[in-house]
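As a plain string of letters, each chain reads:
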Amino acid sequence: MKLDKLKILFGEFNENVRFEYDLKKKNWFNIGGKTKVFFKANNLHELIKFLKIVNNQEKIFILGAGSNTLISDDLFDGIVIKLGKNFNNISLLGDDVIIAGSAVTDKSLSDFAVKNSLSGFEFLSCIPGTIGGGIRMNAGCFNKEFKDILISVQAIDKSGNIVTIPSKEINFEYRKSNLSDNLIFLSASFKGSKSSPSQIKNEIENLVKKKEKTQPTRIKTSGSTFKNPKSQTNKKVWELIKESVPLDKSFGDACISEKHCNFFVNKGSASFNDMNNLIEFVSKEVLEKTGIKLEKEIKILK
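Residues numbered from 1 in each chain as written. Predicted model: local features only at pLDDT ≥ 70, side-chain atom pairs only at ≥ 80, totals over all residues. Heavy atoms only, no water.

> Is there a simple way to think about the overall build of the protein chain in this case?
Looking only at helices and strands, the protein chain features seven helices and 21 strands. A compact globule built from 302 residues should have a C-alpha radius of gyration of about 19 Å, and the protein chain, at 20 Å, falls within 12% of that. By its C-alpha atoms, the protein chain is 55 × 50 × 30 Å across when sized along the principal axes. Counting across all 302 residues of the protein chain, residues that qualify as buried make up 50%. Nonlocal contacts in the protein chain, meaning residues at least 24 apart in sequence, comprise 63% of its contacts between residues at least 6 apart. In the protein chain, 47 side chains carry a positive charge and 35 a negative one; their mean positions are 1 Å apart. (Helix = DSSP H or I, 4+ residues; strand = E, 2+ residues; numbered from the N terminus. Rg over C-alpha atoms; globule rule 2.2 N^0.38 Å. Buried < 20%, exposed > 50% of the residue type's maximum accessible area, 1.4 Å probe, protein only. Contact = heavy atoms within 4.5 Å. Lys, Arg positive; Asp, Glu negative; His and termini not counted. Charge placed at Lys NZ, Arg CZ, Asp CG, Glu CD.)

Put into structure tokens, the structure is as follows:
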């Protein structure tokens, strides 16, 4: 739809809808241009009303923490939705079940579990994303994944229909699932096990130390660039990159992290093309040297 028509259609949402909105500061790479429409949905009622107005006539992208997203410098000809405050709630159900909105950060869920003496959530302290994104890609680290603690997911399709999906009905694999791209996650329930807060904190401290020794932090990076090609080799993707690519290779300000070569870094003012060219270069070099085709773990919006 043309912008003029969209401005009329979305007039009732006031400041929650922005047009030609800059996304550069909405992602960890600090790269990107504008989206035709940006909508911050503060509650389920607003989200349903908005989706029914859109009526599947526009491309929709759900933006979480932006921790694993590379955004094009060109205008995104569609709608970016960010879930707001009512999707950022956490509560305890019984003794060992936590219900979390999809906009809750993984670390916040881990912290909440500590306060309620629940173990099983420690690995989330090392994942810089949101619950929604974690479910979408079955995020994980240190041999633990979302599927290991998930009970069920509440979601809405892009026509505005709400569904609840038990975890046992979802086919989770390494960094993916069979959940439809047509679904927007609203909340999820997770099961933990009772433990002492001191034991849980010790485990978190150990995991965070491991992470800080091997992964870059507090810089403009977007986490793991490629998935480990588990079906093709036992080698980790960083090993394949190290064997195949000159690690000082850069495109503009897009470079490979010295600390972990599956992490790519914007060391200043890298453009989308700079970072995308680096990703494609590394993928091509690994394929030529090893015969292994890498699959991206980061999401690209263009």
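> Which parts of the structure should I look at to understand the nonpolar core?
Grouped together as the largest cluster of nonpolar side chains are 31 residues, with contacts concentrated most on Leu-109, Phe-121, Leu-124, Ile-131, Ile-135, Leu-150 and Phe-190. Per element, the largest residue contribution to this core is four residues, and it comes from strand β15 (residues 183–191). Beyond its immediate chain neighbours, meaning those up to four positions away, Phe-121 contacts Ile-98, Leu-109, Ser-110, Ala-113, Ile-149, Phe-190, Lys-191 and Gly-192. Judged by nonpolar contacts, the second largest core, of 23 residues, contains Phe-226, Ile-241, Cys-261 and Ala-270. (Core = buried A, V, L, I, M, F, W, Y, C linked by side-chain atoms within 4.5 Å.)

> When you look at the pairing of strand β11 (residues 150–157) in this model, what are you seeing that I'm missing?
Within a regular beta strand, the side chains point alternately toward one face of the sheet and then the other, so they alternate between its two faces. Within β11, six of the eight residues are buried, leaving the element largely enclosed by the surrounding structure. Sheet analysis places β11 next to β15, joined by seven bridges and oriented antiparallel. In the sheet register, Ile-156 faces β15, and the bridge partner there is Ile-184. Pairing of β11 with strand β12 (residues 162–166), which is carried by five bridges, proceeds in the antiparallel orientation. Counted as the bridge partner of Ala-155 is Val-163 from β12. Taking the residues that link successive antiparallel strands as the turn, the β11-β12 hairpin has four residues, and the phi of Gly-160 there is positive, at about 100 degrees. (Pairing = 2+ DSSP bridges.)

> Got a minute to help me understand the packing of aromatic side chains in this structure?
Geometrically, a pair of aromatic rings is defined through the distance of the ring centres and the angle of the planes. Evaluation of the coordinates by the stated rule reveals 11 aromatic pairs. Ring geometry for Phe-10 and Phe-50: centres 4.5 Å apart, planes at 20 degrees, overall stacked. Taken as a pair, Phe-10 in the loop between α1 (3–9) and β1 (17–22) and Phe-50 in helix α2 (residues 44–54) lie far apart in primary sequence, 40 residues in all. As far as burial versus exposure is concerned, Phe-10 and Phe-50 are alike and both buried. On the numbers, 5.5 Å between centres and 70 degrees between planes, the contact of Phe-13 with Phe-50 is edge-to-face. Of this pair, Phe-13 sits in the loop between α1 and β1 while Phe-50 sits in helix α2, and the two are 37 residues apart along the sequence. A relative accessible area of 6% places Phe-13 in the buried class. An aromatic cluster is defined as three or more aromatic residues linked by ring pairs; in this entry it consists of Phe-10, Phe-13, Phe-39 and Phe-50. (Phe/Tyr/Trp six-rings, centres within 6.5 Å; stacked < 30°, edge-to-face > 60°.)

> For this particular structure, what's the right way to read the sheet that holds strand β18 (residues 250–251)?
Strand-to-strand pairing in sheets goes through backbone hydrogen bonds, with the strands running parallel or antiparallel. Read from one edge of the open sheet, four strands run β17-β20-β19-β18, paired in antiparallel fashion. The two strands at the open ends of the sheet, each matched to only one other strand, are β17 (221–224) and β18. Examined bridge by bridge, strand β19 (residues 254–256) and strand β20 (residues 263–266) share three bridges and lie antiparallel to one another. Across the sheet, the residue bridging to Ala-254 is Asn-266, located in β20.

> Would you explain the packing of helix α6 (residues 237–244) against helix α7 (residues 272–290) in this entry?
Pairs of packed helices are described in terms of their axes, by the angle between the two and the distance that separates them. One can describe the packing of α6 onto α7 by two numbers: an axis separation of 9 Å at closest approach and a directional angle of 80 degrees. By the angle between their axes, α6 is roughly perpendicular relative to α7. Taken together, the residues of α7 that come into contact with α6 (itself represented by Leu-240, Ile-241 and Ser-244) are Val-282, Glu-285, Val-286, Lys-289 and Thr-290. A class-by-class count of the residues in the contact of α6 with α7 yields four nonpolar, two polar and two charged. (Axes fitted to C-alpha atoms, helices over the stretch in contact; angles between N-to-C directions. Parallel < 35°, antiparallel > 145°, perpendicular 65-115°, else oblique. Nonpolar A, V, L, I, M, F, W, Y, C, P; charged D, E, K, R; others polar.)

> Would you take a moment to explain the environment of Thr-35 for this structure?
On the secondary structure map, Thr-35 appears in strand β2 (residues 34–41). Given the relative accessible area of 0%, Thr-35 is considered buried. Through-space distance from the C-alpha of Thr-35 to that of Leu-23 is 7.0 Å; in sequence the pair is 12 residues apart.

> Before we go on, may I ask you to explain the pairing of β2 in this structure?
With six of its eight residues buried, β2 lies for the most part within the structure. Relative to β2, β1 runs antiparallel, the two being bridged by five bridges. From the neighbouring strand, Phe-19 faces β2, where its bridge partner is Val-37. One ladder, built from six bridges, connects β2 with strand β5 (residues 76–83); its direction is parallel. Within β5, the position partnered with Phe-39 by the bridge is Ile-81.

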